[in-house]
Amino acid sequence: MKLFQGLFGKNDGIRLVSPTDGKLVSIKEVSDPTFSEEILGKGVAVIPSDGKFCAPADGTVTTVFPTGHAAAVTTEEGVEVLIHIGLDTVKLDGKHFTIRTEEGKKVKAGDVLIEADLEKIKEEGYDIITPVIICNSDDFSSIEPEAPAQVGRGDYIVTLKK
């Protein structure tokens, strides 16, 4: 069997990694219906335990919100991934966020995009759950999240197939 796998290759799909340390949960657990009802696309969410948010795959930074609460990366395979740190955190107007990248920058999985002071964000009354959304979900035949679990930056969280 391994001979044939070697000859023909095994297509495991496109895999995204967690942008941060924390607890991987279903997107349905996000209290904002824009995310939980998958209006922006399918995805997962991470309840972060660390304030460093990294690229989920090799690609190009396509968007960095000036408020630092979100960034998007388009992978080399064309997956458009939005990392949205917390809910309604745009209202903080950049307070407690430090942008560590810029639009157009080529990144590798694990490169830091944004740092956030999670404790201060929580103290201000914001939910820090972080949706990781595939904005072009319709371009893929399947999007399979990993089972809920503790994850570290770099652990697989979702697999996509064209």
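So, how was this worked out
- Residues numbered from 1 in each chain as written.
- Predicted model: local features only at pLDDT ≥ 70, side-chain atom pairs only at ≥ 80, totals over all residues.
- Heavy atoms only, no water.
- Helix = DSSP H or I, 4+ residues; strand = E, 2+ residues; numbered from the N terminus.
- Rg over C-alpha atoms; globule rule 2.2 N^0.38 Å.
- Buried < 20%, exposed > 50% of the residue type's maximum accessible area, 1.4 Å probe, protein only.
- Contact = heavy atoms within 4.5 Å.
- Areas by Shrake-Rupley, 256 points an atom, 1.4 Å probe, with all protein chains shown as cover.
- Lys, Arg positive; Asp, Glu negative; His and termini not counted.
- Charge placed at Lys NZ, Arg CZ, Asp CG, Glu CD.
- Pairing = 2+ DSSP bridges.
- Axes fitted to C-alpha atoms, helices over the stretch in contact; angles between N-to-C directions.
- Salt bridge = Lys/Arg side-chain N within 4 Å of Asp/Glu carboxyl O.
- Core = buried A, V, L, I, M, F, W, Y, C linked by side-chain atoms within 4.5 Å.
- Polar contact = N/O pair within 3.5 Å; in protein donor to acceptor, adjacent residues only side chain to side chain.

### Section: the overall build of the protein chain
A count of helical and extended segments in the protein chain gives 3 helices and 14 strands. At 16 Å, the protein chain has a C-alpha radius of gyration in line with the 15 Å of a compact globule built from 162 residues. Looking at the protein chain residue by residue over its 162 residues, the buried ones come to 46%. In the protein chain, the proportion of contacts linking residues at least 24 apart, taken out of those at least 6 apart, comes to 69%. Put simply, the protein chain shows about 8,300 Å² of open surface, and 48% of that area lies on carbon and sulfur atoms. If you average the places of the 18 positive and of the 27 negative side-chain charges in the protein chain, the two averages end up 5 Å apart.

### Quick notes on the sheet that holds strand 12 (residues 142-145)
An order of 1-14-12 is seen for the 3 strands of this open sheet, with the pairing classed as antiparallel. Strands at the two margins of the open sheet, each flanked by one partner only, are strand 1 (14-17) and strand 12. Looking at each pair of strands side by side, their axes are set apart by 20° on average, direction ignored. Where strand 1 and strand 14 (residues 156-161) come together, 4 bridges link them in antiparallel fashion.

### As for the sheet that holds strand 5 (residues 59-64)
Pairing is antiparallel across the open sheet formed by 8 strands, whose spatial order is 9-5-6-7-11-3-2-13. This sheet does not close on itself; its edge strands, each paired only once, are strand 9 (106-107) and strand 13 (149-151). Pairing analysis gives 5 bridges linking strand 2 (residues 22-26) to strand 3 (residues 42-48), with the strands arranged antiparallel. Counterpart to Ser26 in the pairing with strand 3 is Val44.

### Quick word on the pattern of salt bridges
If you walk through the whole model with that rule in mind, you get 9 salt bridges. Notably, a salt bridge pairs Asp50 with Arg153, separated by 2.5 Å at the nearest N-O pair. Of the two residues, Asp50 is situated in the loop between strand 3 and strand 4 (52-54) and Arg153 in the loop between strand 13 and strand 14; the sequence distance between them amounts to 103 residues. Here Arg153 falls in the partly exposed class, since its relative accessible area comes to 33%. Note that Asp117 and Lys120 form a salt bridge whose closest N and O atoms lie 3.9 Å from each other. Of the residues examined, Lys120 reaches a relative accessible area of 40% and is grouped as partly exposed.

### With respect to the environment of Val61
Assignment of secondary structure puts Val61 in strand 5. Distance from Val61 to Glu102, taken between C-alpha atoms, is 6.8 Å for residues 41 residues apart in sequence. When sequence neighbours within four positions are dropped, the list of residues in contact with Val61 reads Ala72, Val73, Thr101, Glu102, Glu103, Gly104, Lys105, Val107 and Leu113.

### Details of the nonpolar core
Ranked by size, the top nonpolar core spans 18 residues in total, and within it Ile85, Phe97, Leu113, Ala116 and Ile121 carry the most contacts. Taken together, the elements giving at least two residues each to this core come down to strand 5, strand 6 (70-75), strand 10 (112-116) and helix 3 (118-123). The element contributing the most residues to this core is strand 10, with 3 residues. When near neighbours in sequence (up to four residues on either side) are disregarded, Ala116 contacts Gly51, Phe53, Ile85, His96, Phe97 and Ile121. Counting residues in each nonpolar core, the second largest holds 16 residues, with Ile14, Leu16, Leu24 and Phe140 among its members.

### Things to note about the side chain of Thr159
Assignment of secondary structure puts Thr159 in strand 14. The exposure class assigned to Thr159 is buried, which follows from its relative accessible area of 13%. Within the structure, Thr159 has its side chain in polar contact with the side chain of Arg15 (distance 3.3 Å). When near neighbours in sequence (up to four residues on either side) are disregarded, Thr159 contacts Asp12, Gly13, Ile14, Arg15, Ser142, Ile143, Glu144 and Glu146.

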